[in-house]
Amino acid sequence: AEMREERIKKTKTVCTYCGVGCSFDVWTKDRKVLKVEPSAESPANGISTCVKGKFGWDYVNSEDRLTKPLIRRGDSFEEVEWNEAIAYVAERIKEIKAEKGADDLGFISSSKATNEESYLMQKLSRQVIGTNNVDNCSRYCQSPATKGLFRTVGHGGDSGSIDDIAKADLVITIGSNTAESHPVLASRIKRSQKLFGQKLYVFDLRKYEMATRADRFYQPNSGTDLVWLSAITKYILDQGLEDKTFLDEWVNGFDEYRESLEPFTMDYASDLTGIPKEELMEVAEEIASSERVAICWAMGVTQHTRGSDTSTAISNLLLVTGNYMKPGCGAYPLRGHNNVQGCSDFGSMPNFFPGYEKTEDDEVRKRYEQAWGVDLPKEPGKDNHQMIEAIHDDNLSAMYVMGEDTGIVDANINYVTAAFEKLDLFIVQDLFLTKTAEYADVVLPASPSLEKEGTFTNTERRIQRLYKSLDPLPGSKPDWEILQLIAKELGHDWGYEHPGEIMEEAASLTPLFAGVSYERLEGYKSLQWPVAEDGTDEPLLFLDGFPFDDKKAKLFPLDYELEYKTTEKYDLHVNNGRILEHFHEGNMTYKSEGITRKTPSAWIEVSEKLAKERDLNEGATVKLYSDAGEAEGVVTITDRVRGKELYIPLNDNGKSAINFLTDNSVDKDSNTPAYKEIAVYMEVVKKE
Ligand code: SF4
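All values derive from a computational prediction rather than experimental measurement.

1. Observations regarding the overall build of the chain
For step 1, the next point in the chain: Per the secondary structure count, the chain includes 25 helices and 28 strands.
For step 2, the next point in the chain: Here the C-alpha radius of gyration of the chain, 24 Å, is about what a compact globule of 688 residues would show, namely 26 Å.
For step 3, the next point in the chain: Overall, the chain is about 70 × 65 × 65 Å in size when its C-alpha atoms are taken along their principal axes.
For step 4, the next point in the chain: Residues counted as buried form 56% of the 688 residues belonging to the chain.

And the structure:
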């Protein structure tokens, strides 16, 4: 028994399943994950976790894990040794670069990978290859929120911590299925509601769990959040309920902004959103009279053609009511992936070096040129969306995708996979032979979080360390090691022996992370950026003003035009989002037996009214057609959706993927796909 005890290992890690960033000890014996045990020291979650964090780890031992690199030979893959695969990748990259130039290659980093790995992906792209064509999947989710916050308050992250959300007098969630997408954070809200009388207002198309607990719940018509937000702000100003002292002292651009609000009358808002104006006025008055208001939002806001502008409208409202610069208030875009914050923070973006410093800024570029010993490209590169378009336009012929199943998660996947087929060189690095990997020329087997060291940054800008619970599955390697091997083969010997050295380099080059080090992150310690050189971090942003020259925030004028509508032919609107049990495309959770037994596949939610109209029964099979493609699924009749709204969970393991239906429309300011704006018509395949 003693021997057995000895083989049991306890290692601290950080969950990979959402942006809350729960940390806990993983108990392992050999390769078996025995249990997950949160610690009271866990900064984001204390002793809580949710079903994914607790039970979602079987996939690390899945038989489907890749253990040999694969190279395409005709229609099939051949297993090869690592040195052959790396040499092949380097050779082909060299050829393409020599023939077509560095900008013919594109790099996609993973929001599931560590900060250090995101740093290396952009370093590979910029230093070794010489292109700014590097991006990550925040383009698919929260780029619009980042944009909206940058425009107004200068930092793209959450204003405070989960503690601040818990402390607020009024929490408003917009387009967020908080209980299923950010379960532990949602429980903090539930607790504050119960114990401290915190008020919760929910705005969403679908009646999620949080809606049933809310003090007020509204279902604005799809794509109209910008309108009610602006109308409420206008009403507050018209009634003289704004925070005048705050506006005078800390905010620029008032007059122009106020003028832009003219069209947003209560009548107009009520008409477009479908919410009675008396109710909107009450919401406005409640916001204005609450001491501390925190607004949380997610994909229901961002994945629209006006996602950046709607995020901006949220920040405008918070500025007008003085809800920044103090505990318990502010803007909280809830990050989806565990490291979607960090992946952008550490520079896998076409226009930014790590820490959101522009590639176009000569001084910044010089700093990196000196450190890396090469000239670096100035002009912003292509984002994810532009890369796919560039392939179709013959302007991009090689792509390197690390840990993203782009062929399922991007919008309009028929268009995306057609692009993959055109590539001269397609490198995919992943745990499994994903749908995307099926199109690859080279597949490199990676190791998941439990098998490596590094850091993740959660939705609170909190940087936390993960330690290695298991050795990499033989044949697989951590992403940072693979990137380093490729760089070396291409003539740049980075020589990192441990991810801590990568962080050291990033911290030395990036003011935002100046004081970040592995020592300061030891065990359950964490740091919330910005981190000064002496290690002082900022759990609550803006205490000293906003990061602009005069320290003042900016009100950003907006207009509105509904660009998207259902038509006579495409008469139904499809909404989509996460479910509790599964994570994104499902490559990990569908391989976790316990979870899959509980929730084996996705479904299509139909309202009672529509079911009656179309004579549909529970369990009927229907086919949906959009202007981009078609998808089939099984009907479930529910009061969670209304009228002509449909809902499909996005986590469906590629079977009836929602992205056969989404098209090429994007947020106009960030190129984030407008996943939430799909019009379809329905055909009944089988009635029951
Ligand atoms: Fe993991 Fe998020 Fe669940 Fe925490 S709330 S255990 S981070 S999925």
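2. Points about the domain arrangement of the chain
One frequent convention defines the size of an interface as the accessible area lost when the parts assemble.
For step 1, the next point in the chain: Taken as a whole, the chain is organised into domain 1 (2-61), domain 2 (70-131 + 338-524), domain 3 (143-334) and domain 4 (572-686).
For step 2, the next point in the chain: If you look at the interface, domain 3 gives 22 residues, while domain 4 gives 24 residues.
For step 3, the next point in the chain: Mapped onto the side of domain 3 that touches domain 4, the elements with two or more residues apiece are helix H5 (143-152), helix H7 (178-181), helix H15 (299-302) and helix H16 (307-320).
For step 4, the next point in the chain: Looking at the side of domain 3 that touches domain 4 residue by residue, the class counts come to four nonpolar, 13 polar and five charged.

3. Looking at the site of the ligand
For step 1, the next point in the chain: Every one of the 14 residues lining the ligand counts as a neighbour, but Cys15, Cys18, Cys22, Cys50 and Gly53 are closest to it.
For step 2, the next point in the chain: For the shell around the ligand, the residue count by class is eight nonpolar, five polar and one charged.
For step 3, the next point in the chain: Here the shell around the ligand spans two domains, since at least three of its residues come from each of domain 1 (2-61) and domain 3 (143-334).

4. A closer look at the sheet that holds strand E28 (residues 678-686)
For step 1, the next point in the chain: Sheet architecture is closed into a barrel: six strands sit in the order E23-E27-E24-E26-E25-E28, paired in mixed fashion. Strand-to-strand twist across the sheet, computed as the mean angle between neighbouring axes with direction ignored, equals 45 degrees.
For step 2, the next point in the chain: Strand direction decides the pairing type here: strand E24 (residues 604-607) and strand E26 (residues 630-638), joined by four bridges, are parallel. By the bridge assignment, Ser607 is partnered in E26 with Thr638.

5. Some words on the pairing of strand E18 (residues 442-445)
For step 1, the next point in the chain: Burial along E18 is two-sided: the face carrying Val442 and Leu444 and the face carrying Val443 and Pro445 are both buried.
For step 2, the next point in the chain: Of the pairings in the sheet, the one linking strand E4 (residues 70-73) to E18 comprises two bridges and is antiparallel in character. Bridge assignment links Ile71 to a residue of E18, and that residue is Val442.
For step 3, the next point in the chain: The pairing of strand E17 (residues 425-430) with E18 spans four bridges and is classified as parallel. Residue Asp430 lies in a different strand from E18, and its bridge partner there is Pro445.

6. Quick look at the nonpolar core
For step 1, the next point in the chain: Counting 91 residues, the largest nonpolar core has Ile165, Val171, Ala231, Ile232, Leu280, Ala294 and Ile295 as its most contacted members.
For step 2, the next point in the chain: The dominant element in this core, judged by the number of residues it contributes, is helix H10 (residues 225-238), at eight residues.
For step 3, the next point in the chain: Excluding its chain neighbours within four sequence positions, the residues that come into contact with Ile232 are Leu280, Val283, Ala284, Ile287 and Leu317.
For step 4, the next point in the chain: Core analysis: the next-biggest nonpolar cluster, separate from the first, contains 70 residues, Leu66, Val134, Phe513 and Trp529 among them.

7. Brief notes about the sheet that holds strand E9 (residues 199-203)
For step 1, the next point in the chain: Pairing within the open sheet is parallel, and its five strands lie in the order E10-E9-E8-E12-E13. Each of the sheet's edge strands pairs with one partner strand only, and the pair in question is strand E10 (216-218) and strand E13 (330-333). Taking each pair of neighbouring strands and ignoring which way they run, the sheet shows an average axis angle of 15 degrees.
For step 2, the next point in the chain: As paired strands, E9 and E10 are joined by three bridges and run parallel to one another. Bridge assignment links Phe203 to a residue of E10, and that residue is Tyr218.

8. Points about the environment of Lys52
For step 1, the next point in the chain: Its location among the elements puts Lys52 in helix H2 (residues 51-55).
For step 2, the next point in the chain: By C-beta crowding, Lys52 is classed as buried, having 22 other C-beta atoms within 10 Å.
For step 3, the next point in the chain: Through-space distance from the C-alpha of Lys52 to that of Asn664 is 32 Å; in sequence the pair is 612 residues apart.

9. With respect to unusual backbone geometry
For step 1, the next point in the chain: Between Trp529 and the following residue, Pro530, the backbone shows a cis peptide bond with an omega angle of 0 degrees.
For step 2, the next point in the chain: Along the chain, the position of Pro530 falls in the loop between strand E21 (526-528) and strand E22 (553-554).
For step 3, the next point in the chain: Residues other than glycine seldom take positive phi values, yet Asp615 does so here, at roughly 60 degrees.
For step 4, the next point in the chain: Examined against the element boundaries, Asp615 turns out to sit in the loop between helix H25 (608-614) and strand E25 (621-625).

10. Describing the packing of H10 against helix H13 (residues 266-273)
For step 1, the next point in the chain: Orientation of H10 relative to H13, taken along the N-to-C sense of each, is 160 degrees, at an axis distance of 9 Å. Considering the angle they form, H10 stands roughly antiparallel to H13. Once H10 is placed against H13, the crossing between them reads as left-handed. On the side of H10, the interface is formed by Val227, Trp228, Ala231 and Tyr235, while H13 contributes Met266, Tyr268, Ala269, Leu272 and Thr273.
For step 2, the next point in the chain: Class assignment for the residues of the contact of H10 with H13 results in eight nonpolar, one polar and no charged.

11. Some words on the environment of Gln484
For step 1, the next point in the chain: For Gln484, the location among the structural elements is in helix H22 (residues 479-489).
For step 2, the next point in the chain: C-beta crowding within 10 Å serves as the criterion here: with 22 such atoms nearby, Gln484 is assigned to the buried category.
For step 3, the next point in the chain: When the C-alpha atoms of Gln484 and Val202 are compared, they prove to be 46 Å apart, with 282 residues separating the residues in sequence.

12. Let's talk about the packing of helix H4 (residues 115-129) against H22
For step 1, the next point in the chain: Interaxial distance between H4 and H22 falls to 9 Å at its minimum, and their mutual angle equals 15 degrees. Here H22 runs roughly parallel to H4, going by the angle between their axes. Where H4 crosses over H22, the two elements pack in a sense that is left-handed. Contact with H4, carried on its side by Glu116, Glu117, Leu120, Met121, Leu124 and Val128, involves Asp479, Trp480, Leu483, Gln484, Ile486 and Ala487 of H22 and no other residues of that element.
For step 2, the next point in the chain: Partitioned by chemical class, the residues of the contact of H4 with H22 number eight nonpolar, one polar and three charged.

13. Let's talk about H5
For step 1, the next point in the chain: Most of H5 is tucked away, with nine of its ten residues classed as buried.
For step 2, the next point in the chain: Contacts made by the buried residues of H5 are with strand E12 (293-297), H15, H16, E13, helix H17 (340-345) and E22.
For step 3, the next point in the chain: Positive backbone phi, at 90 degrees, marks Gly154, one or two positions downstream of H5.

14. Structural notes on helix H23 (residues 499-509)
Owing to its 3.6 residues per turn, the α-helix aligns residues three or four sequence positions apart on the same side.
For step 1, the next point in the chain: Along H23, the residues classified as buried are Pro499, Ile502, Met503, Ala506, Ala507 and Leu509. Taken around the axis of H23, the buried residues stretch over an arc of 165 degrees, which confines them to a single face.

What counts and how
Residues numbered from 1 in each chain as written. Predicted model: local features only at pLDDT ≥ 70, side-chain atom pairs only at ≥ 80, totals over all residues. Helix = DSSP H or I, 4+ residues; strand = E, 2+ residues; numbered from the N terminus. Rg over C-alpha atoms; globule rule 2.2 N^0.38 Å. Buried ≥ 20, exposed ≤ 12 C-beta atoms within 10 Å, placed from the backbone. Domains from an automatic or database assignment. Contact = placed C-beta atoms within 7 Å. Nonpolar A, V, L, I, M, F, W, Y, C, P; charged D, E, K, R; others polar. Near = placed C-beta within 6 Å. Pairing = 2+ DSSP bridges. Axes fitted to C-alpha atoms, helices over the stretch in contact; angles between N-to-C directions. Core = buried A, V, L, I, M, F, W, Y, C linked by C-beta atoms within 7 Å. Parallel < 35°, antiparallel > 145°, perpendicular 65-115°, else oblique. Left-handed = near helix turned anticlockwise from the far one by under 90°. Arc of directions from axis to C-beta.

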